[in-house]
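Analysis of the macromolecular model
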Amino acid sequence: MTDKILTVRMDAYPADSQTLSRYLDTGGYEALTKALDQMSPEEIIEEVKASNMRGRGGAGFPMGVKWGFLAPAEPRYLVVNCDESEPGTFNDRQLAERDPHQLLEGIAISSYALGVHHAFIYVRGEYAKAARRIQNAIDEATEAGYLGKDIRDSDFSLEVTVHLGGGAYICGEETALLNSLEGRRGEPRLKPPFPAVEGLYAQPTIVNNVESISNVPWITMHGGAAYAAIGPERSAGTKMMSISGHINKPGNYEIVMGMTWRDLIFDVGGGIPDGKSLKAWIPGGASAPWFVPDVHLDTIVSIDDVAANGSMIGAGAVVTMDETTNVVAVAHRIVRFFAHESCGQCTPCREGTSWMEAVLERILQGGGRTEDIDLLLDISDNISPGLAWPPAMTTICPLGPSAVSPVTSITRWFRPELEAMIAGSEVAVG
Amino acid sequence: MTAVISHWSQENQSAAKSILDRYPEKRSALMPLLYVASLEHEYASDDAMREVASLTGISAAQVLSVASFYTMFKAVPVGRYLISVCTSVVCYLNNADEVLEAVEGTTGVDSGGITHDGAISVERVECIGACGGAPAVQVNYETVEGLTREKAEALVNWLRDAKPPVVLADEMQQLFGGQRSFDWGPMDPDGAVRPIPAFGPYGSVEEGR
Amino acid sequence: MADNAQVETVSITINGAVHEVPAGELLIAAAEDLGENIPRFCYYKKLAPVGKCRMCLVEVEGPRGKALIPSCTVPVSDGMVVDTESTVVKKAQKGVLEFLLINHPLDCPVCDKGGECPLQDQAVEFGPGESRFIEQKRTFTKPIPVSELVLLDRERCVLCDRCVRVADDIAGDPLIEFIDRGNHTQINTFPSEPFSSYFSGNTVQTCPVGALTSVDYRFKARPWDLTSTRSVSLADSVHSTVDVQTSMGSIVRVYGVENNEVNEGWLSDKDRFQFGAFQDGSRVTTPLVRDADGFTETTWAEAMELIASRLGGFLGSEVGAIGGANNTNEEAFVLGRFMRSVVGSPHIDAQIGDGIDPHLAAAIVDRATINNLDEASTILLWGPDLKETLPVLYLRVRKAVLAGASLVVVSPYATGLDSIATHVVPYRAGSGPEVLRKISQGEDEFAAVGAMLGTGPVVVLVGRTSLSEDPRLVEAAAAFARTLPESRIMPLLLRGNVFGALDMGLAPNLLPGRVSTGDADAVALLEDNWGPIPEGPGKGTMEMLASLVDGDLKAIVLAGSDPVRDCPDPQTAIDALENAEFVVAFDAFVTDSSRRADVILPAAVWGEVDGTATNLEGRVQRLGASTPPLGKAMSLATALDGIARFMGVEMNCSDWMLVNKEIATVAPAYGGLTADYLTFEAGDDGAIVPLRGVVQPLSYLPTDVKVPVVTDRFTLHLAPSMYDDSVVLRHATILSSLHGTAEARLHPKDASALAVVDGDVVEVAGIELPIAIDVRVVPGSVVLPFNQIATKGVHATAAVNIQAVRGDV
Ligand SMILES: Cc1cc2nc3c(=O)[nH]c(=O)nc-3n(C[C@H](O)[C@H](O)[C@H](O)COP(=O)(O)O)c2cc1C
Ligand code: SF4
Ligand code: FES
């Protein structure tokens, strides 16, 4: 059984996996040819539905179902989300730099299926190299007739535009991304309307993640059922996991879900350096509530299992922390990140994240007060009432509630440590 | 249109024109044009923003509103080399604060500052998507991974002394880098000449040796 | 009067009680209508919701249980179950309030908004008392001027986005925006581009806190000692509904009132800020009589007696009256009655030679209302630049266009609506008739325009594009408009209550109630009430001025009019007034005209007189007095009543309510539109004067009689602008600095033919002006602003010479 889809080529041909010639040598653009020659748009959508693939950008929404929502109005757009900015995540970067044609072929097939003639790839500004690689690939593919006018002598034409962001994590949120692409502030929009009905330029738009789209050629070639057969039922297919933090073998790993966290961290990731023990890990990027070994090490790595345990797999970013880690400082870094990246339109997110950052900073600097723990939790509760995951929100988008995750995590799993730090500081302060 | 930016270099004028052609609506070209304007005017100065406003047909206040939302359009002059040190969570876990200290110490400027000679700017940034190679920095948005305090110092000194005309990620990685997020594959010939992303259709891209 | 069309309803449950509410309405609005006031900051009824402040969160039951949602962003739907009072809701709202307060300065005692601030109110209601926030508050330099009129205190700002939406979405002036992001977000302008919008005051009114304040109101009053009077603005002929707020006897603030038929709550800055002029120290506050040394103060009795005896010394037909357009309907009516029945003169005109045929202006059939714009498929504007002249009408046209109407603008020079127009048709000043012929025949390049105008309903806004344009072009355009499908026509005159004055008979060829002077029945009805009146038509303003010069006319009454500054031929006006045997001016100021009078009577002005007024759609609304007249100033009606008595005639017109009743009697069109009927009640939006089936004879010209002005000289476009050098603006403290600079605008081709560049000085129309090269000028024309300091005295002729005088610097 297949256990790798996306990284096969780059692993086998590290020297030139990004080139058109290597791509063609290894079966590239055959899926596009098959789609154009033998399949109707509807058939492709059916295969994607059958694949049960859930979006890889974080929310885990089934890709085929989303495609089914696309409103009929013309023109329609496909926008590929390569804004990847969540701390701990770096797998879209690898897919874009190392196998851009796979992404482009996915875009071409998806656009054909969706009736799109202009697709955009929104690449975060700091990924200049990924943008260059994608643009080179577009130029090559256009030259060779895999993109552009009347692709492969069909009457299907597609223009692909790479758009460079300007430095703002929030633009990963799909509606903020669309605003940004329209030359506006990257502020998430109110939903409904969803992009599939009113997206880019108020036209029907599908936004998908780089990894999601990169799977489309394989699904087209081998069929949705074959994809669905990989891995656990509701976590079908392979998943790129970025493993980082305190870990022996940091990196991206394309895995089949269903293993335990122990397997992932200790086998795949090689365990914790210097023989230290694992203190905690973040299973799905900085937004996600943390896991701890005592409770979660033998639970299953799958979208649903992680959700059942009160967190998320998100875009697949695992961040491990060893026994020496100052968890309050880690929480502070994460909260600081969200405060810095808040677009600022919602009062609770704009004010609450900065407030939490200030309180945590004060605690770290020795000015903590006993009541600060309740205060932090209450601020959190005013951003994300009930403090559950997936979060209830007083905000427009989940960025604000994401800042709550590290706070609830340290108060839940490491409260004595937090209390000790505060107590120590009270003594220290005098 | 050309009447407005006719004082721009021929290259930037034609870049502006081709950018506008890439989008169904002019305003979409705003951010790409801000990069071009920042190349022409050294940074996203008031003049740069005014030019972009007239190119896209919106007000200067609207351009400022957008430009100031993003961290990569700089409202103040930036050095030839912009060192962006990531201190987000994963880099933090891997001693990024030491790297920042090293960069600040060697350049003599704090985050947000620029050296006396105007050559190097330093900033502390949030996650740059290099967590697998933490701690990481970018120079003119070209990434180096797996730094240490010592390597960071050496990198700064190299920038200051060797004054590389083109900042190449692979070169920096070879000289100063360590652990990488993933196998980068072949050398990338392109690099950045200015603190603006090296991206062909617009930006500061140039081929290195 | 809004029509009560059948509205579809849905049923929703709020806090356990079931209600029927209009389908599609936003939940927050539906709840408000039911008396359930959900707190809010960013929501504002007239703006598209943004759901940013998160104050209005309520719980709504959904498929996955109750969820918190902002009630300002969701429309009601059938079966919706809403809880606005649950513990979760209250906790969330309290949380949002706390978040808003952590960085808010505690300067309520010195804040203009203190006492009428929802943040303050809700802090009191929810207030935790003590702050849990012990960190450093965010600080900004405060306050900073964002324009000549508006100050910004960023620390007080709650980032509700109202001002941005008001400036950008409503007015189309995106000059004030969010800058930076997250916790650093602030409202500001581009460094070198102030918030110089004609509508900036609306942001001050809509700002929920004290972040945006107006320069003139700052520290003037506290809300609890304000007295408010409902009225309408007479800054132009739109008549926006306003609340005039006074403190200790003087007007301190004017707020827009949401009259959905007219201004929807918005005002122009002229509507809002020009009241300052009326409290200016230079007002004429006592009667002045000319003697050898100039003017001497006198008493009303002496002045009235003098005027009565002088006027009584002429034949009726030797006296004329110009003005009345800045008065109430009642005052205008009394002026007409005084002239026609006491003096015995038919020479009366409220327009100053800058207008159009009174029949067309007042009695056009199929006259459009402002709200007709909202139902129009196509709007044709062939008239003055609305943004400059009738700003609130500009807002309404803009709104209609953004909602989907097509707009065709025909004008010799760029207008404020061009950017959203589907078609802009510029033409060389003077060649309007030729353009009209081509458009009406859909000829050549006008095929698309012609096709668009063929899609009804069409609303046509017609007026003189400039003072130098032949008024008959307007009639021709109106005649063409008649031929368009389902067309409605709105004639455009600009000045305050000019439509009211015409309706009251202040026109050489109209009697009160929009009837022709030749209408025997109407004359008979008037004579029953007034005694004999002279036969009309009389002379219009330009004829009166000419007659004063050649001696046919000997005396002239100026009622708040300034022909020396406002008529197209200022020199004739000067000659007329100097040559007249007797000039009496009712005026609030000494103007270029009134200073040539023999007697100046201190006129009470807007804000000081009660009455009614009629706007450009024929809507009559109540006008309220909020302060007593300054000094010895007096209403025009009362003064004329007194003078008539000295002349031996008892008009019984000193009480405006009596006059108002008399209007209803002698002007059948106004029957029923009495002050009692027109209340100041909330939601009262006045009433349109019905046409009563009387179609007036209109002397329309066929569209092809006028040949274009063929001249080898430059044709002149002399057009009014918002901030000109008119007397009111000159004295309106905070607006007085805003008048524009005057340049002669030329097309680049013409400039190069004349070998002049930007800034070079030329002689044009008898004055010297710098050149501004402007591609929006049609070749062969020169564009000058009317009535700016530098263009004072320019004769609005059709064509002028341009002579280079010297290079700049
Ligand atoms: C704050 C925030 C940041 C996000 N960042 C990203 C991102 O960097 N990349 C991404 O693909 N999706 C991101 N998402 C998810 C997108 O909104 C969207 O769900 C996704 O791009 C859809 O693609 P998919 O269905 O293929 O997963 C983010 C969401 C939020 C709320
Ligand atoms: S939650 Fe934060 S980032 Fe998301 S829309 Fe609101 S303010 Fe912006
Ligand atoms: S009033 Fe609804 S979110 Fe502000």
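Only a predicted model underlies this, so the values are computations on that prediction, with no experimental measurement involved.

**Let's talk about the overall build of chain A**
Counting secondary structure elements, chain A contains 20 helices and eight strands. Against the compact-globule benchmark of 22 Å for 430 residues, chain A has a radius of gyration of 22 Å, which places it among compact chains. For chain A, the spread of C-alpha atoms along the three principal axes comes to 80 × 45 × 35 Å. Taking the intrachain contacts of chain A between residues at least 6 apart in sequence as the baseline, contacts between residues at least 24 apart amount to 70%. In the structure as shown, chain A presents an accessible area of about 13200 Å², 52% of it carried by carbon and sulfur atoms. Charge separation in chain A, taken as the distance between the mean sites of 34 positive and 55 negative side-chain charges, equals 2 Å.

**Concerning the site of ligand 2**
Around ligand 2 there are 13 residues in total, and Cys343, Gln345, Cys346, Cys349 and Cys397 of chain A lie nearest to it. The residue makeup of the shell around ligand 2, split by class, is eight nonpolar, five polar and no charged.

**Describing the nonpolar core**
Core analysis: the biggest nonpolar cluster contains 186 residues, and Phe338, Ile379, Leu386, Leu393, Ile439 and Trp606 of chain C have the highest contact counts within it. No other element matches the eight residues that helix α8 (residues 329-343) of chain C contributes to this core. Once you skip the residues sitting within four places of it in the chain, Ile379 of chain C turns out to touch Leu373, Val397, Ala400, Val401, Ala405, Ser406, Leu407, Val408, Val459 and Leu461 of chain C. Counting 178 residues, the second-largest nonpolar core is a separate cluster that includes Leu103 of chain A, Trp8 and Ala48 of chain B together with Phe99 of chain C.

**Remarks on the packing of aromatic side chains**
Counted by the stated rule, this structure contains 28 aromatic pairs over all chains. Between Tyr169 of chain A and Phe338 of chain A, the ring centres sit 6.0 Å apart and the planes meet at 65°, which makes this aromatic pair edge-to-face. Here Tyr169 of chain A is found in the loop between β3 (159-164) and α9 (174-181), whereas its partner Phe338 of chain A is found in helix α16 (residues 327-341), with 169 residues between them in sequence. According to the relative accessible area criterion, Tyr169 of chain A is buried, its value standing at 15%. Classification of Phe338 of chain A by relative accessible area gives buried; the value is 0%. Considering the side-chain rings of Trp281 of chain A and Phe291 of chain A, the 5.8 Å spacing of their centres and the 90° angle between planes classify their relative orientation as edge-to-face. Here Phe291 of chain A lies in the loop between β7 (278-282) and α14 (293-296) and Trp281 of chain A lies in strand β7, a separation of ten residues in the sequence. Relative accessible area serves as the criterion here: at 0%, Trp281 of chain A is assigned to the buried category. Grouping aromatic residues by their ring pairs yields a cluster made of Tyr35, Phe69, Tyr70, Phe73, Phe199 and Tyr202 of chain B.

**A closer look at the site of ligand 1**
Residues and elements named next belong to chain A. As a matter of local geometry, ligand 1 sits amid 18 residues, with Gly57, Asn81, Asn208, Asn209 and Ser212 nearest to it. Glu84 has a polar backbone atom sitting 3.2 Å from an oxygen atom of ligand 1. Glu174 is positioned with one of its backbone polar atoms (N or O) 3.0 Å from an oxygen atom of ligand 1. Look at ligand 1: alone it shows 610 Å² of surface, and the protein chains cover 89% of it. Per-element accounting of the shell around ligand 1 gives the leading share, three residues, to strand β4 (residues 205-209). In the shell around ligand 1, the residues fall into four nonpolar, eight polar and six charged.

**A word on the interface of chain A and chain B**
Of the residues lining the interface, 67 residues belong to chain A; the matching set on chain B comes to 56 residues. Interface area for chain A against chain B, summed over the two sides, is near 4900 Å², with a carbon-plus-sulfur share of 55%. By the criterion of area lost to chain B, the three top residues of chain A are Arg93, Arg132 and Arg333 of chain A, representing 14% of everything that side buries. Linking chain A to chain B there are five salt bridges. Put simply, Glu126 of chain B and Arg336 of chain A hold a salt bridge, and the shortest N to O gap is 3.2 Å. The interface formed by chain A and chain B contains 29 residue pairs in polar contact (both at pLDDT 80 or more). Looking at the side of chain A that touches chain B, the element that brings in the most residues is α16 of chain A, giving eight residues. Grouping the amino acids of the side of chain A that touches chain B by side-chain chemistry returns 25 nonpolar, 25 polar and 17 charged.

**A word on the sheet that holds strand β6 (residues 251-256) of chain A**
Residue and element names in this part refer to chain A. With mixed pairing, the four strands of this open sheet are ordered in space as β6-β5-β8-β7. If you trace the sheet from one side to the other, it starts and ends with β6 and β7, each paired once. When the angles between neighbouring strand axes are averaged without regard to direction, this sheet yields 30°. Summarising the sheet, strand β5 (residues 238-245) and strand β8 (residues 317-322) pair through four bridges and their orientation is parallel. Pairing of Ser244 across the sheet is with Val319, part of β8.

**Re the pairing of strand β29 (residues 619-623) of chain C**
Two faces, one strand: in a regular strand the side chains alternate between the faces of the sheet. Residue and element names in this part refer to chain C. Counting buried positions over the five residues of β29 gives five, a clear majority of the element. Where strand β28 (residues 611-614) and β29 come together, four bridges link them in antiparallel fashion. Residue pairing across strands places Gly611 opposite Leu623, the latter belonging to β29. Hairpin geometry of β28 and β29 is characterised by an intervening segment of four residues between the two adjacent antiparallel strands and by a positive phi of about 85° at Gly618. Of the pairings in the sheet, the one linking β29 to strand β30 (residues 687-688) comprises two bridges and is antiparallel in character. Residue pairing in the sheet places Arg619 in a bridge with Ile688 of β30.

**Points about the pattern of salt bridges**
Pairing between side chains of opposite charge can happen when their charged atoms approach one another. On inspection of all chains with the given rule, the structure shows 82 salt bridges over all chains. Here Arg138 of chain C and Glu351 of chain A are joined by a salt bridge, their closest N and O atoms 3.0 Å apart. Of this pair, Arg138 of chain C sits in the loop between α3 (118-126) and β6 (144-145) while Glu351 of chain A sits in helix α17 (residues 347-364), placing the two residues on different chains. Residues Arg138 of chain C and Glu351 of chain A agree in their burial class; the two are buried. Across the pair Lys399 of chain C and Glu264 of chain C runs a salt bridge whose closest N-O atoms are separated by 2.6 Å.

**Some remarks on helix α4 (residues 41-51) of chain A**
Residues and elements named next belong to chain A. For α4, every residue scored as buried is listed here: Ile44, Ile45, Val48 and Ser51. Here the buried residues of α4 occupy an arc of 115° about the axis, which is enough to place them on one side. Next to the buried residues of α4 lie α3 (30-38), α5 (63-68), α7 (100-114), α11 (216-222) and α12 (224-228). Just beyond α4, the residue with positive phi is Asn52, at close to 60°.

Definitions and cut-offs
Residues numbered from 1 in each chain as written. Chains lettered and ligands numbered in written order. Predicted model: local features only at pLDDT ≥ 70, side-chain atom pairs only at ≥ 80, totals over all residues. Heavy atoms only, no water. Helix = DSSP H or I, 4+ residues; strand = E, 2+ residues; numbered from the N terminus. Rg over C-alpha atoms; globule rule 2.2 N^0.38 Å. Contact = heavy atoms within 4.5 Å. Areas by Shrake-Rupley, 256 points an atom, 1.4 Å probe, with all protein chains shown as cover. Lys, Arg positive; Asp, Glu negative; His and termini not counted. Charge placed at Lys NZ, Arg CZ, Asp CG, Glu CD. Near = heavy atom within 4 Å. Nonpolar A, V, L, I, M, F, W, Y, C, P; charged D, E, K, R; others polar. Core = buried A, V, L, I, M, F, W, Y, C linked by side-chain atoms within 4.5 Å. Buried < 20%, exposed > 50% of the residue type's maximum accessible area, 1.4 Å probe, protein only. Phe/Tyr/Trp six-rings, centres within 6.5 Å; stacked < 30°, edge-to-face > 60°. Polar contact = N/O pair within 3.5 Å; in protein donor to acceptor, adjacent residues only side chain to side chain. Buried area = accessible area lost by both parts, 1.4 Å probe. Salt bridge = Lys/Arg side-chain N within 4 Å of Asp/Glu carboxyl O. Pairing = 2+ DSSP bridges. Axes fitted to C-alpha atoms, helices over the stretch in contact; angles between N-to-C directions. Arc of directions from axis to C-beta.

Shape descriptors only; they carry no functional weight alone.
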